[in-house]
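# Survey of secondary and tertiary structure
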Amino acid sequence: QFRFYPVLFYTCNTVHTICFEKMPENTDSRQKSNGNAVVGSNDVEVKMKIHESDVMRQWEIDMKKLRHSQDLMFLNNFDEAEEEMRQGMEGEKPKKGSGIRDVRPTFGMLYSLLSAAKGIGSLTNDQLVQCHERLIKAERLASSGEDWVGKHGIRGLCLISMGLVELLQHSYVRGIYNIMRSWKYIRILRDEGLNYEGKEREIIRSAALLAIGMFYLLYSFLPPTTSKFASWLSGFEGDREKGLEYMYTCWKEGGICAPWGALNYISFHIDTKTFIGERMTDEEHATVVKMISMYNTKYPGSVLFAISESGLYATDRNIEKARELNELAEPELNKLPVLKWVMCYKRGVFYWTDCDWFDAGVAFEESMNIYIEAKRRSMVPFMAAYSFLSFLEAMKSQPEHADAAKEKCKALVRIANSYSSMHKKDWGRQDIFGFKIFNRYSEKISSIDSEVSFSQRKSTRLPGTSLLKLGRGKKAKGGTGANTPWVLLHLLECMVLQVRCTWFMTPVALEALRKKVLDEMQERQQQGMLTKGDSLRAEMCFVEMYTQMDKVSDALATANKALQMESDLTNTEKSFGAIPMILYYIAKIQQERGNLVEAKETLKKLKKYGTKYELADLIYLKLIVLSQQIGFDFERDYEHINVAAGYKKVVIIAVEKGSNTEDDTGTETTESSADVGDDNEKGNSPAVIEWAWFVEKHTVGFRAEFHPSDTSKSTVIIQTTSKAETEGKFHIGEFRPEAETRGKIHLVWDNTFSRLRSKDIQYRVSPAHLKTEVLT
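Below you will find a few notes about this structure. (Residues numbered from 1 in each chain as written. Predicted model: local features only at pLDDT ≥ 70, side-chain atom pairs only at ≥ 80, totals over all residues. Heavy atoms only, no water.)

## Structural notes on the overall build of the protein chain
Along its length, the protein chain carries 30 helices and 11 strands. A separation threshold of at least 6 residues defines the contact pool for the protein chain, and within that pool the share at least 24 residues apart is 75%. Summed over all atoms, the accessible surface of the protein chain reaches about 33,600 Å², with 48% contributed by carbon and sulfur. (Helix = DSSP H or I, 4+ residues; strand = E, 2+ residues; numbered from the N terminus. Contact = heavy atoms within 4.5 Å. Areas by Shrake-Rupley, 256 points an atom, 1.4 Å probe, with all protein chains shown as cover.)

The following block contains the structure:
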């Protein structure tokens, strides 16, 4: 979040330079003929030069503020940078006819984005809400001005920013919609910005390269149906390689946005590539090293580049150097607590790669305390769980720390208990994972100290979540302890699936960890504590670890062996999703070997598993990338219905109970967080229900209605769209249930006016786990 806001920030700041007004006519100048001479022409020229000088002077002032604020930000002086943007926003409006552009809308947007980034960094409450409101005002201010190219650029970037804020607020439908809609304005940068000639070229071309590169990258990761519709709407195709090329060029040319182009390029190769299972080429690695070295010289001590450099050494499997850089950056971290949290979290991850469980637990505990000190509730259960698992393993694997680890575990249980009792309904998935960890290990907690226990929370499953399922497996034959949780396996799953830090481990370290897990497997087998589900999950992790060790043949052999275990699994064990994940690993290996036909066949098998398993979300982005690489259409994000001529089709969404949840630090909710889980399965609807749809051809009528369960209340018409408004448009809507609201939402597509043509509708309901029913 912190890294992305400034990218948009400085892209937007250059838009107002795209063109200047034409010089207004000088109606006061008088021309008098005296033979062949024209009296008064020199006066006009002098006035024009003075006017041009004023315009240039203001331009230089604005650019000086821009460059200075950028330097301040990279040198970690965030407050001063924010103040400069505020002053620009509150400046005087240029006089009419002066030829000077009104840049206040630009600075207004910049101020809102930087304030949000700073607010998020300081863990201040409600920053996203305030940022969204400010962006709406900035966009309206820009839209009310004269029609010029800079105005459209500002509006487009406001829409991108609003879309990103909405995504961070989990409003996925509206967020994607605003990002797509922004291209109507951003395309001006493509058409005019890249080839701009004039004194402002350094600014305008640099901003255009950055903005278009971001679009290429963003669109390349859109889900299939969304991507197709976005391309049709904007005439723009997502292309990852083109996006990276634009980012590289932005940096290489050294314009005002060069450092942001570099950060985007670096982040993609260090973070995103690791997530999708790709390594940097030698050429890419050399470029990243060159970028970091350059800005370490220009911005010594910059936290943003220190984070990037630390990540680079981690991907190079030089954890000692990564940890050293992490420690050196600590003095600057107190300015923004979230940066300190990132560094503490990374420190814990680095200790995991060394299998130093005790020090990892301490680092995760420090990251947890940062949120506690900021009086925030989110992330505390999550970090507590990581720390708790680390200390549990330290009690077994590091006897010298056993007593200290035990005391740490007891303290973490008390913290988890206190947060479990808080009145907060909208816990994030990572925190639900944390509570599940403490639930799963409740018996282990009691064995640590009979006076310490964790209050059992209602066991519910969150469909589609990437968090680990920690339900109990069936007992092994002849055993009595198959329900005993396996600490090392849960740690391994976190390392492989969530944190992905096994990418940072050397082949020797990976093999040592794999052997340790195998030894414990044999031990648990002898004690009757090993389930088929546990065995499969371990083998799933081994497949990925073999791939990271470049032992591809061993990875395939292990994967094929693991697939044979499916018939022995219980339904609960199947719902974790180890089999689909293994199929993905196989398809990825086949693609890298050039066996595209085999890879497509493997993905067809994976597709049959649908999305109702725990690892579905974690696999999904990887599948989008892999499917694009091999030309396989892996549809999931939108549902398709056909409305026959003369008929209607209705999608029904159950609304069981609304939510009036306060912010992360508030206390007003409609229920206790002790029942955290899937809202729909428990009979609780989310705070906002959204839908999006479009008709592939022709037109169709549409209306959204809410039918209360209380028959004494009237049906509420939420939204109506006439058939004339539907063709070639993307439609979105939302419903916010009030507390105690129960009933059903009807999404009705009306094709009764047509006698010949059926209509194909692509639609999506969000959150995705809501259960829907289709009626004709």
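## Topic: the environment of Q430
Within the element layout of this structure, Q430 appears in helix α20 (residues 429-440). By relative accessible area, Q430 is classed as partly exposed at 23%. Residues Q430 and S378, 52 residues apart in the sequence, show an inter-C-alpha distance of 8.7 Å. (Buried < 20%, exposed > 50% of the residue type's maximum accessible area, 1.4 Å probe, protein only.)

## Some points on the pattern of salt bridges
The full count for this structure, using the stated rule, is 20 salt bridges. Salt-bridge contacts for E278 lead to K588; the nearest nitrogen and oxygen are separated by 3.8 Å. Of this pair, E278 sits in the loop between α12 (258-275) and α13 (282-298) while K588 sits in helix α27 (residues 578-592), and the two are 310 residues apart along the sequence. On the basis of relative accessible area, K588 is assigned to the buried category, the value being 9%. (Salt bridge = Lys/Arg side-chain N within 4 Å of Asp/Glu carboxyl O.)

## As for the pairing of strand β6 (residues 701-708)
Of all 8 residues in β6, 6 are buried, a share of seventy percent or more. Sheet topology places β6 next to strand β9 (residues 743-750); 8 bridges connect them, and they run antiparallel. Residue pairing across strands places R703 opposite V748, the latter belonging to β9. Pairing of β6 with strand β7 (residues 716-721), which is carried by 5 bridges, proceeds in the antiparallel orientation. Each bridged residue has a counterpart across the sheet, and for F702 the counterpart in β7 is T721. (Pairing = 2+ DSSP bridges.)

## Topic: helix α15 (residues 319-328)
Residues of α15 that are buried include every one of I319, A322, R323, L325 and N326, and no others. End-on, the buried residues of α15 take up no more than an arc of 160°, which puts them together on one face. Along α15, exposed side chains directed more than 90 degrees from the buried face belong to E320 and L328. Close packing links the buried residues of α15 with α14 (303-315) and α16 (337-353). (Arc of directions from axis to C-beta.)

## Quick word on the nonpolar core
Soluble globular proteins tend to bury their nonpolar side chains together. Among the nonpolar cores identified, the biggest contains 102 residues, and W352, Y386, F388, L497, M540 and M581 are the most heavily contacted of them. For this core, the leading source of residues is helix α18 (residues 380-397), giving 11 residues. Excluding residues within four positions of it along the chain, F388 makes contact with C409, L412, V413, I437, F438, Y441 and I445. Counting 57 residues, the second largest nonpolar core, distinct from the first, contains M180, Y265, F275 and A692. (Core = buried A, V, L, I, M, F, W, Y, C linked by side-chain atoms within 4.5 Å.)

## Remarks on the sheet that holds strand β4 (residues 648-655)
Judged by pairing direction, the sheet is antiparallel, and its 5 strands sit side by side in the order β7-β6-β9-β4-β11 without closing on themselves. Looking at strand neighbours, the two that pair on one side only are β7 and β11 (772-775), the edges of this open sheet. Across the sheet, the axes of successive neighbouring strands diverge by a mean angle of 15°, strand direction being ignored. Pairing geometry for β4 and β9, over 8 bridges, is antiparallel. Counterpart to V651 in the pairing with β9 is L747. (Axes fitted to C-alpha atoms, helices over the stretch in contact; angles between N-to-C directions.)

## Focus on the environment of E598
In this fold, E598 is placed in helix α28 (residues 596-607). When the C-alpha positions of E598 and A587 are compared, they lie 7.5 Å apart, and in sequence the two are 11 residues distant.

## Some points on the state of the cysteines
One pass over the structure, following the stated rule, counts 0 disulfides. C257 takes part in no disulfide bond, and the closest cysteine sulfur to it belongs to C250, at a distance of 5.4 Å. Of the residues examined, C257 reaches a relative accessible area of 0% and is grouped as buried. Note on C501: no disulfide assigned, nearest cysteine sulfur contributed by C355 at a separation of 8.6 Å. (Disulfide = S-S within 2.5 Å.)

## Details of the sheet that holds strand β5 (residues 689-695)
Ordered in space as β3-β10-β5-β8, the 4 strands form an open sheet in which the pairing is antiparallel. Looking along the sheet, the strands with just one partner apiece sit at the ends: β3 (639-643) and β8 (731-735). Averaged over neighbouring strand pairs, the angle between their axes works out to 25° when direction is ignored. Looking at chain direction, β5 and β8 are connected through 5 bridges and run antiparallel. Of the residues in β8, the one forming a bridge with A692 is I732.

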